[in-house]
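Observations on chain architecture
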Amino acid sequence: MKLTIEVRVTPNAKKERWVCGESDALKFYTTAQPVDGKANQALINSISKLLKTPKSGIELILGNTSKTKLLKIETSLSKKDILNYLLLTKK
């Protein structure tokens, strides 16, 4: 099953973390710089690691150069489960 989630990415943060913002918007703070796709790669790496999903199962479909990203994730988890897992899992 493929799920689509929207994530607001903030590069150059002091530490990497996931938070739920206003209106349940998912936010990802990364230490990576927004240069040469480094912040995008950090986002994909983080989701892959936390959900134990291969990187090939995560696709950035919108927002390559924007802070707001739309991701398609190949997973058996529900959207609610993914959001809860990203927000509750500690590195």
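Going by the structure above, here's the rest.
So, here's what we can say about the structure. (Residues numbered from 1 in each chain as written. Predicted model: local features only at pLDDT ≥ 70, side-chain atom pairs only at ≥ 80, totals over all residues. Heavy atoms only, no water.)

**Overview of the nonpolar core**
Among the nonpolar cores identified, the biggest contains 20 residues, and Val7, Trp18, Leu43, Ile47 and Leu86 are the most heavily contacted of them. Top element by residues in this core is helix α1 (residues 38-51). It accounts for seven residues. Setting aside chain neighbours within four positions, we find Leu43 in contact with Val7, Val9, Trp18, Phe28, Lys69 and Leu71. (Core = buried A, V, L, I, M, F, W, Y, C linked by side-chain atoms within 4.5 Å. Buried < 20%, exposed > 50% of the residue type's maximum accessible area, 1.4 Å probe, protein only. Helix = DSSP H or I, 4+ residues; strand = E, 2+ residues; numbered from the N terminus. Contact = heavy atoms within 4.5 Å.)

**What about the packing of aromatic side chains?**
Scanning all chains against the criterion turns up one aromatic pair. Over the ring of Tyr29 we find Arg17; its NZ or CZ atom is 4.2 Å from the centre of that ring. (Phe/Tyr/Trp six-rings, centres within 6.5 Å; stacked < 30°, edge-to-face > 60°. Lys NZ or Arg CZ within 6 Å of the ring centre and 35° of its normal.)

**A few points about unusual backbone geometry**
At Asn12, a residue that is not glycine, the phi angle is positive and equals roughly 60°. Of note, Asn12 is situated in the loop between β1 (2-10) and β2 (17-20). The residue Lys52 is not glycine, and still its phi comes out positive at about 55°.

**Brief notes about the side chain of Thr75**
Within the element layout of this structure, Thr75 appears in the loop between β5 (68-74) and α2 (79-88). Judged by relative accessible area, Thr75 falls into the buried class, the value being 10%. Look past the residues within four positions of Thr75 in its chain and what remains in contact with it is Met1, Leu3 and Ile82.

**Side note on the sheet that holds β2**
Ordered in space as β2-β3-β1-β5-β4, the five strands form an open sheet in which the pairing is mixed. A single partner strand is all that each edge strand has here, and the edge strands are β2 and β4 (58-62). Between one strand and the next, the sheet's axes are offset by a mean angle of 35°, whatever the strand orientation. Relative to strand β3 (residues 26-29), β1 is paired through four bridges, and the arrangement is parallel. Note on β3: the bridge partner recorded for Thr10 is Tyr29. Seen against the sheet, α1 touches β1, β2, β3, β4 and β5 and runs at an angle of roughly 35° to β5. (Pairing = 2+ DSSP bridges. Axes fitted to C-alpha atoms, helices over the stretch in contact; angles between N-to-C directions.)

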